[in-house]
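# Remarks on the overall topology
Okay, here's what each chain looks like letter by letter:
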Amino acid sequence: MATSAWKANQRRLAPWLFLAPGLIMFAVYVVIPIFQSMWISFYDWDGLGEKVWIGTENYVELMDDDAFYTSLKNNVIWLVLYMLSVPAGLLIAIFLNQTITGMRLYKSLFFFPFVISQVVVGLIFSWFYAPDFGLLYKLIEIVTGSGVAILADDRYVTYGIIAAGLWPQIAYVMILYLTGLNNVSPDQIEAARLDGAKGWRMLWHVVLPQLRPATFIAIVVTVIGALRSFDLVSVMTDGGPYGSSRVLSFYMYEQALSEYGYRMGYGAAIAVVLFAIMMIFISGFIWKMWRDEREGH
């Protein structure tokens, strides 16, 4: 009986059997922990002792927490400036898609930041910004007469860290667009050329519509990268000076896992807020893409 049922539904069931291991892993390590974090956010818990139910008190406390608002503001700045990686990655990908001498070398140089660990990127930029011997510090000193310690100044520190993050992020977006450009229809390009399209008109009306899948992935990974920015903040400033470079993911770690906190419930509440922001942005973009596809058809 089972054999006949399998034969009758083989085409329908086979894809799900192949997907099953990945779906199980995704459920166990992603979906279930999301709901566990939401549940923990309603407790006062140090991670080891007994949980104490406190309802929405963690969220109420967040509303009066200046450090939370500083982290939220920095995350918004990260999100806005990180979006620069999408057009920058596209322009570099278009340049690298040419057939000129030495292009493999240029591709390797632009690809290089992507394969470097974020910790190494953070250290490189820390030396770049360092007072007295950092290259940027010396250049500013030559131009203005006095150097600026980027990572020690609460006015500039967040922008300095974002600049470090943009370096590998642009390389990642570039790779996505290079892959997309390989799938652009040469027939459509040729037809557009015959119609007199070139330059920005060619890019906007012919190339970009065919790069929608790459654009979608680029924006999603950029939003996620901006909102989960932790490693660069930890390596370059540890949240300083005076907590001015904190972001939500770093503040969540401070509250939940560092020696300053061990407040798992409060950290989980920050994580839930971060997850909600991420889902709002990504869901909005998915809805826009779906609407554009429907209008296109």
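Before any of the text, the structure's been laid out above.
The present account deals with the structure reproduced in this document. In this text the structure is predicted, and so the values were computed from the model without any measurement.

Grouped together as the largest cluster of nonpolar side chains are 64 residues, with contacts concentrated most on Trp78, Ile161, Tyr177, Val207 and Met236. When residues in this core are grouped by element, the largest group, 11 residues, is from helix H9 (residues 157-181). In this view, Trp78 contacts Thr158, Ile161, Ile162, Ala226, Ser229, Leu232, Val233 and Val247; residues no more than four positions away in its chain are not counted.

The next point concerns a nonpolar patch on the surface. A cluster of nonpolar side chains, Phe111, Phe112, Phe114, Val115, Val119, Val120, Leu123, Ile124, Trp127, Phe133 and Trp167, forms an exposed patch at the surface whose accessible area comes to about 1000 Å². Counting residues per element, the ones that place at least two in the nonpolar patch are helix H6 (103-115) and helix H7 (118-129). Structurally, Val119 can be placed in helix H7. Given a relative accessible area of 39%, Val119 falls into the partly exposed group.

Turning our attention to helix H12 (residues 212-227). Its 16 residues give H12 an end-to-end C-alpha distance of 22 Å, which sits within 8% of 22 Å, the value for a rise of 1.5 Å per residue. Taken residue by residue, H12 has Ala214, Thr215, Ala218, Ile219, Val220, Val221, Thr222, Val223, Gly225, Ala226 and Leu227 as its buried positions.

Residues Gly240 and Pro241 are joined by a peptide bond in cis, for which omega reads -5 degrees. Within the secondary structure, Pro241 sits in the loop between helix H13 (231-236) and helix H14 (248-256). Here Tyr242, not a glycine, exhibits a phi torsion of approximately 55 degrees, which is positive. Mapping Tyr242 onto the fold places it in the loop between H13 and H14.

Taking 1.5 Å as the rise per residue, H7 with 12 residues should run 16 Å; its terminal C-alpha atoms sit 16 Å apart, in good agreement. Looking at the buried side of H7, the elements it contacts are helix H8 (135-144), H9 and H13. Taking the backbone nitrogen of Val119 as reference, a side-chain oxygen 3.2 Å away marks Ser117 as the first, capping residue of H7.

Turning next to the environment of Ala130. With respect to the element layout, Ala130 can be found in the loop between H7 and H8. In this structure, the C-alpha to C-alpha distance between Ala130 and Leu151, residues 21 residues apart in sequence, is 7.9 Å.

Let's shift gears to the packing of aromatic side chains. Both the distance between ring centres and the angle between the ring planes are used here to describe each pair of aromatic rings. Under the counting rule described, the total for this entry stands at 16 aromatic pairs. Of the aromatic side chains, those joined through ring pairs into one cluster are Trp39, Phe42, Tyr43, Trp53 and Tyr59.

Look at helix H5 (residues 85-96) against H6: their axes get within 10 Å of each other, and the N-to-C directions meet at 160 degrees. Judged by the inter-axis angle, H5 sits roughly antiparallel to H6. Handedness of the H5/H6 crossing: left-handed. Every residue of H6 that contacts H5 at Ile92, Phe95 and Leu96 is listed here: Met103, Tyr106, Lys107 and Phe110. Here the residues of the contact of H5 with H6 sort into 6 nonpolar, no polar and 1 charged.

Here Met83 is to be found in the loop between helix H4 (66-82) and H5. Relative accessible area serves as the criterion here: at 28%, Met83 is assigned to the partly exposed category. Taking the C-alpha atoms as reference points, Met83 and Ala164, separated by 81 residues in sequence, lie 14 Å from one another. With residues near it in sequence (within four places) discarded, Met83 still touches Ile219, Thr222 and Val223.

Next up on the list: the side chain of Asn75. Among the structural elements, Asn75 can be located in helix H4. Apart from the residues within four sequence positions on either side, Asn75 is in contact with Ala226, Leu227, Ser229, Val247, Leu248 and Leu274.

With that out of the way, let us pick up the pattern of salt bridges. Using the criterion set out here, one finds 4 salt bridges in the structure. The salt bridge partner of Lys138 is Glu141, with a shortest N-O separation of 3.8 Å. Within this pair, Lys138 and its partner Glu141 are both found in helix H8, separated by 3 residues, close to a single helical turn. The class of Lys138 is partly exposed, set by a relative accessible area of 36%. Assessed through its relative accessible area of 29%, Glu141 is described here as partly exposed.

Let us look at the environment of Gly134. Examined against the element boundaries, Gly134 turns out to sit in the loop between H7 and H8. Sequence separation between Gly134 and Trp167 is 33 residues, and the spatial gap between their C-alpha atoms is 18 Å. Ignoring anything within four residues of it in the chain, the contact list for Gly134 reads Trp127 and Phe128.

The rules behind these values
Residues numbered from 1 in each chain as written. Predicted model: local features only at pLDDT ≥ 70, side-chain atom pairs only at ≥ 80, totals over all residues. Heavy atoms only, no water. Core = buried A, V, L, I, M, F, W, Y, C linked by side-chain atoms within 4.5 Å. Buried < 20%, exposed > 50% of the residue type's maximum accessible area, 1.4 Å probe, protein only. Helix = DSSP H or I, 4+ residues; strand = E, 2+ residues; numbered from the N terminus. Contact = heavy atoms within 4.5 Å. Patch = residues over 30% accessible without salt bridge, like charges linked within 9 Å, V, L, I, M, F, W, Y side chains within 5 Å. Areas by Shrake-Rupley, 256 points an atom, 1.4 Å probe, with all protein chains shown as cover. Salt bridge = Lys/Arg side-chain N within 4 Å of Asp/Glu carboxyl O. Expected span 1.5 Å × (residues − 1). Polar contact = N/O pair within 3.5 Å; in protein donor to acceptor, adjacent residues only side chain to side chain. Phe/Tyr/Trp six-rings, centres within 6.5 Å; stacked < 30°, edge-to-face > 60°. Axes fitted to C-alpha atoms, helices over the stretch in contact; angles between N-to-C directions. Parallel < 35°, antiparallel > 145°, perpendicular 65-115°, else oblique. Left-handed = near helix turned anticlockwise from the far one by under 90°. Nonpolar A, V, L, I, M, F, W, Y, C, P; charged D, E, K, R; others polar.

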